[in-house]
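Results of the structural survey
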Amino acid sequence: MEATPTVSFEDTAVAFEYKSDAAMRKANFIFSLVNHPWISAVATGSVKIALWLRLPVEPLIRTMVFDHFCGGESIDKSDAVVGLLGKYGVNTILDYSVEGAKSEEGFDHAMEEILHTIEKAHHSGNIPFSVFKITGLASAELLEKVQRKAELNEAERTAFERVRYRMDRICKQGHAYKIPVLLDAEETWIQDVIDSLAYELMARYNTEQAIVWNTYQLYRTESLKNLKEAFHVAAMHNYFLGAKLVRGAYLEKERKRAEDMGYPSPIHPDKGATDKAFNQALTFCIDNKQRISVMCGSHNEYSNHFLTVLMEKHSMKNSDRRVWFAQLYGMSDNISFSLAKAGYCVAKYVPYGPVRSVLPYLLRRAAENTSVAGQSSRELMLIKKEIKRRKTSL
Ligand SMILES: Cc1cc2nc3c(=O)[nH]c(=O)nc-3n(C[C@H](O)[C@H](O)[C@H](O)COP(=O)(O)OP(=O)(O)OC[C@H]3O[C@@H](n4cnc5c(N)ncnc54)[C@H](O)[C@@H]3O)c2cc1C
């Protein structure tokens, strides 16, 4: 299907209306920096060394990049960003991005924090979802062992029961407050465990609406099939399927592991195949909208356009709450704000946490914007266009 755009992503006045001139200059600085691979490499390398040496880099990071990509250092300190985005019809998904202590206490603490985000969402009109990563609640080694069906010792069995308990508590709270919970997707060697826990929770909490949402990484050759199977199981057991669609964030790691361990890569051979699968997945979800609620987690303009066209073909209202568009805070505002202005349901993942703890997240954004072909320069081009527009419209 040819996607004839109904919303333009070119209007930078709409995209950046919420940003002051100073914030635009900062955005220009950040994206100019990461756009150059070698400058980006030197900058991120220096931050890593400074961290290792325990140098006090927080004030510098806070001034330079933190505010652009993060909501604040805590849930409450993110209020201003939640309110500001909300003014333009853009919702917030508070993302606790602390890659903290990998201990039972650390996992319990992360669970409590996610419960707080649900509580916050319950009292806010601008936070329609909560989200978590299972590796914030469980040890990756344990999950990998469970996926391999290796025998667990007593301590591991107890630890896995705690993982189930944490996930259930979060989803139960989401169900009680009617705040859907997104389960982020991670690496293939732990993803089967995430999937099966997600479906168990869906069967329990999705009988009236999609409360538990699983994530499908369409760069995986299996994902479209998995999505279709999940739909059939949901239909058979009469519950709703919540599906967040993304392309996938661990491409290099997945390919490298497959090569090192000598198994076929689980990733599509090229970008075109991933794009095709992604758009087919969108089509499948809209074709089955009576049972599937879908979130398009993407900065890809074509896919976002494509979804608006699908909705129109199915005579769906722009504001239909079974369909969500989501981007990361600090990126692709041209997509988020234009869609929100046209009345679509839009949300931004807004990471929060102490500066030092969210640094790994910020370093990944730098790497992503350096290596993803075209994306950073598109971002930079839009920022420059808006700065120029503001100057000439004075
Ligand atoms: C709201 C939101 C939530 C997200 N949640 C998750 C999550 O839970 N789990 C997760 O893994 N990621 C998640 N991501 C990240 C996502 O998977 C992508 O890495 C990122 O969004 C870039 O893809 P794109 O669709 O935005 O854009 P594009 O720039 O169009 O696509 C880039 C993506 O295409 C794929 N790709 C690139 N080159 C190739 C190639 N040669 N062969 C095959 N495929 C290729 C990769 O997945 C790459 O990331 C999320 C992103 C957003 C916006």
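Note that the structure is a prediction, hence the values are computed from the model and not measured. (Residues numbered from 1 in each chain as written. Predicted model: local features only at pLDDT ≥ 70, side-chain atom pairs only at ≥ 80, totals over all residues. Heavy atoms only, no water.)

1. Here we look at the pattern of salt bridges
Formally: The working definition used for a salt bridge is a side-chain nitrogen of Lys or Arg within 4 Å of a carboxyl oxygen of Asp or Glu. Helix and strand assignments come from DSSP, with helices taken as H or I runs of at least 4 residues and strands as E runs of at least 2, each series counted from the N terminus. Exposed residues in this analysis have more than 50% of their type's maximum accessible area, buried residues have under 20%, and partly exposed residues fall in between, with area computed by a 1.4 Å probe over protein chains only.
Applying the stated criterion across every chain yields a total of 31 salt bridges. Among the ionic pairs, Glu 10 bridges to Arg 378, the shortest N-O distance being 3.0 Å. Taken together, the residues Glu 10 in the segment before α1 (12-15) and Arg 378 in helix α16 (residues 375-392) connect sequence positions 368 residues apart. The class for Arg 378 is buried, based on a relative accessible area of 18%. With a shortest N-O distance of 2.8 Å, Arg 247 and Asp 275 are connected by a salt bridge. Taken together, the residues Arg 247 in the loop between β5 (241-246) and α11 (251-261) and Asp 275 in helix α12 (residues 271-287) connect sequence positions 28 residues apart.

2. A word on the packing of aromatic side chains
Note the following rule: Stacked, edge-to-face and tilted labels apply to pairs of Phe, Tyr and Trp rings (six-membered ring for Trp) whose centres lie within 6.5 Å, assigned for plane angles under 30 degrees, over 60, and everything in between, in that order. By definition, being over a ring means that NZ of Lys or CZ of Arg is both within 6 Å of the ring centre and within 35 degrees of the ring normal.
All chains considered together, the criterion is met by 9 aromatic pairs. Every member of this aromatic cluster is reached through a ring pair, and the members are Tyr 18, Tyr 88 and Phe 337. Positioned above the aromatic ring of Phe 278 is the side chain of Arg 247, whose terminal nitrogen or guanidinium carbon lies 4.4 Å from the ring centre. Its guanidinium or amino end placed over the ring of Tyr 361, Arg 365 lies 4.5 Å from that ring's centre, counting from NZ or CZ.

3. Observations concerning the state of the cysteines
Test applied: Cysteine sulfur atoms that pair up within 2.5 Å are treated as a disulfide.
Counted under the stated rule, the structure contains 0 disulfides. Sulfur of Cys 345: no disulfide; nearest cysteine sulfur belongs to Cys 296 and is 13 Å away.

4. As for the side chain of Asn 206
Put simply, the rule reads: As used in this structure description, the phrase polar contact means that two N or O atoms lie within 3.5 Å; if the pair is within protein, one of them must be able to donate a hydrogen and the other to accept it, and residues adjacent in sequence are counted only when both atoms belong to side chains.
By the secondary structure assignment, Asn 206 is in the loop between α9 (188-205) and β4 (212-217). When its relative accessible area of 0% is taken as the criterion, Asn 206 is described as buried. Looking at Asn 206, its side chain comes within polar contact range of the main-chain nitrogen of Val 212, at 2.8 Å.

5. Description of the packing of helix α2 (residues 21-35) against helix α4 (residues 58-69)
Selection rule: In this analysis, axes come from line fits to C-alpha atoms, helices being fitted only over the stretch in contact, and the angle between any two N-to-C directions falls in the range 0 to 180 degrees. Each angle gets one of four labels, with under 35 degrees taken as roughly parallel, over 145 as roughly antiparallel, 65 to 115 as roughly perpendicular, and the rest as oblique. Only heavy atoms matter for contacts: two residues are in contact if any of them lie within 4.5 Å across the pair. Residues are grouped as follows: Ala, Val, Leu, Ile, Met, Phe, Trp, Tyr, Cys and Pro are nonpolar; Asp, Glu, Lys and Arg are charged; every other residue, Gly included, is polar.
Two numbers describe how α2 lies on α4: the axes approach to 10 Å, and their chain directions differ by 100°. Here α2 is positioned roughly perpendicular relative to α4, judged by the angle of their axes. Facing α2, whose interface residues are Lys 26, Ala 27, Phe 29, Ile 30 and Phe 31, α4 presents Arg 62, Thr 63, Met 64, Val 65, Asp 67, His 68 and Phe 69. Residues belonging to the contact of α2 with α4 are distributed by class as follows: 7 nonpolar, 2 polar and 3 charged.

Don't take any of this as a statement about function, it's just geometry.
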